[in-house]
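Analysis of the macromolecular model
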Amino acid sequence: MAIQVQGNTGVVAEVDGTNYRAVRATLRPIDHGSFGSYRLSQLSGTMAAGLAANSEIFQFRWSDATRLCVVTSVVFDGLSGSATAFTAGFGKIDMVTARSWTADGSGGTAATVTGNNQKLRSNMGTTLLGAARIASTAALTAGTKTLDAHPLGQYSMAIGTGTSIQWVPQFDLFHIDPGGESPLVLAQNEGFVVRATVPATGTWQFGVTVCWTELTSY
């Protein structure tokens, strides 16, 4: 006996093909309701030599008390050395979740998140993001927060003594694919940081891109 599946408008679900007759489906973005979906990409300044291990170079903090920030992608947009060479050695980039984040860090360049900035459609609501900032020439100060014991994602690399070289290509620190994987869901005073460990003496530049959706529940 055939069974019909109807949507909330009464339209009957259709199938494809004559062999398997699979139900037709279309993948769509997360339904943001009256809020919105956003994408932010920031570029650092030229980082000075002598960065301490695990220095925070990007911060993303959610501070809204009643809504959620659903992070679906965090991309590290490469690390390029300048005319000042590194000492050859090991390097690492990682992304760590932060909890109990009650005071922003400082330094670097804060993102402008007012008005239409970062919306993926102009009729979406203005983002409720508390703060995002990227290092300019030195590490960011930590603010008041607690980092998880282990990263959500990381990238390790060997860095040589060449100059004006891209040492790290663009890569995903965090990314979910449709079909059941959980995004990073941030409640009030939660967020994440990107940290860097690089060899001595070199100067360098990098970027970070984040995609997220804001919701009342998830």
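Structural notes, computed from the coordinates. Nothing here was measured: the structure is a model prediction, and the numbers come from that model.

**Structural notes on the packing of aromatic side chains**
One pass over the structure, following the stated rule, counts eight aromatic pairs. Summarising the aromatic geometry, the rings of Phe60 and Trp212 are spaced 5.2 Å apart at their centres and angled 75° between planes, so their arrangement reads as edge-to-face. Here the residue Phe60 occupies a position in strand S4 (residues 55–62), and Trp212 occupies one in strand S14 (residues 204–215), the gap between them amounting to 152 residues. For Phe60, a relative accessible area of 0% gives the class buried. Under the relative-accessibility criterion, Trp212 is labelled buried at 1%. Seen in terms of ring centroids, Trp204 and Phe206 are 5.5 Å apart; in terms of plane orientation they differ by 35°. Their pairing is tilted.

**With respect to unusual backbone geometry**
Even without glycine at this site, Ser100 takes up a positive phi of about 50°. Among the structural elements, Ser100 can be located in strand S6 (residues 89–103).

**Here we look at the environment of Gln205**
Looking at the secondary structure, you find Gln205 in strand S14. Gln205 gets classed as partly exposed once you look at its relative accessible area, which sits at 31%. For the pair Gln205 and Ser217, spaced twelve residues apart in sequence, the C-alpha to C-alpha distance is 37 Å. Every residue in contact with Gln205, bar those within four places of it in the chain, is listed here: Leu43, Ser44, Gly45, Gly78, Leu79 and Ser80.

**Brief notes about the side chain of Ser55**
Residue position: Ser55 is located in strand S4. Residue classification places Ser55 among the buried residues on the basis of a relative accessible area of 7%.

**Some remarks on the environment of Tyr38**
Checked against the element boundaries, Tyr38 lands in strand S3 (residues 36–43). Owing to a relative accessible area of 1%, Tyr38 belongs among the buried residues under this scheme. Sequence separation between Tyr38 and Arg121 is 83 residues, and the spatial gap between their C-alpha atoms is 8.5 Å. In this structure Tyr38 touches Gln118, Lys119, Leu120, Gly125, Thr126, Thr127, Val210, Cys211, Trp212 and Glu214, once residues within four positions along its chain are discounted.

**Let's talk about the pairing of S4**
Of all eight residues that make up S4, eight are buried, and the element is covered over most of its length. Sheet topology note: the S4/strand S13 (residues 190–197) ladder contains seven bridges and is antiparallel. Pairing of Trp62 across the sheet is with Glu190, part of S13. Here S4 runs beside strand S8 (residues 131–134); their pairing, made up of four bridges, is antiparallel.

Conventions and cut-offs
- Residues numbered from 1 in each chain as written.
- Predicted model: local features only at pLDDT ≥ 70, side-chain atom pairs only at ≥ 80, totals over all residues.
- Heavy atoms only, no water.
- Phe/Tyr/Trp six-rings, centres within 6.5 Å; stacked < 30°, edge-to-face > 60°.
- Helix = DSSP H or I, 4+ residues; strand = E, 2+ residues; numbered from the N terminus.
- Buried < 20%, exposed > 50% of the residue type's maximum accessible area, 1.4 Å probe, protein only.
- Contact = heavy atoms within 4.5 Å.
- Pairing = 2+ DSSP bridges.

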